[in-house]
Amino acid sequence: MLAFLFPLAVALLIVVAGTAVLVRRDRWRMEDSSDTLRIEATATRGMRDNRRRAHAHRNRFPREHE
């Protein structure tokens, strides 16, 4: 039974690895849609604003050093 399962497992791993490579390449080559670009720009702007607010909050309420 083991003589049958080992080659089957190897074949399955080859198929899974090949599929993963093809899917990754396909996602890498996909062009960004206008919605994707808009969402990315909004997210980047939001991250920048959050960092700015955190920095301002840190300066406004400094920790007391021991």
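Owing to the predicted nature of the structure, the values given are computational and were not obtained by experimental measurement.

Let's shift gears to the overall build of the protein. A count of helices and strands for the protein gives 2 helices and 0 strands. Among the 66 residues that make up the protein, the fraction classed as buried is 0%. Surface exposure of the protein reaches about 7,000 Å², of which carbon and sulfur atoms provide 61%.

On to the pattern of salt bridges. Considering all chains together, one arrives at 1 salt bridge under this definition. Between Asp 35 and Arg 38 there is a salt bridge, and its shortest N-O distance comes to 3.7 Å. Highlighted residues: Asp 35 and Arg 38, both in helix α2 (residues 34-60), separated by 3 residues, approximately one helical turn.

This brings us to a nonpolar patch on the surface. A cluster of nonpolar side chains, namely Met 1, Leu 2, Phe 4, Leu 5 and Leu 8, defines an oily patch on the protein surface of about 610 Å² accessible area. Within the secondary structure layout, Phe 4 lies in helix α1 (residues 2-29). Owing to a relative accessible area of 54%, Phe 4 belongs among the exposed residues under this scheme.

About the cut-offs
- Residues numbered from 1 in each chain as written.
- Predicted model: local features only at pLDDT ≥ 70, side-chain atom pairs only at ≥ 80, totals over all residues.
- Heavy atoms only, no water.
- Helix = DSSP H or I, 4+ residues; strand = E, 2+ residues; numbered from the N terminus.
- Buried < 20%, exposed > 50% of the residue type's maximum accessible area, 1.4 Å probe, protein only.
- Areas by Shrake-Rupley, 256 points an atom, 1.4 Å probe, with all protein chains shown as cover.
- Salt bridge = Lys/Arg side-chain N within 4 Å of Asp/Glu carboxyl O.
- Patch = residues over 30% accessible without salt bridge, like charges linked within 9 Å, V, L, I, M, F, W, Y side chains within 5 Å.

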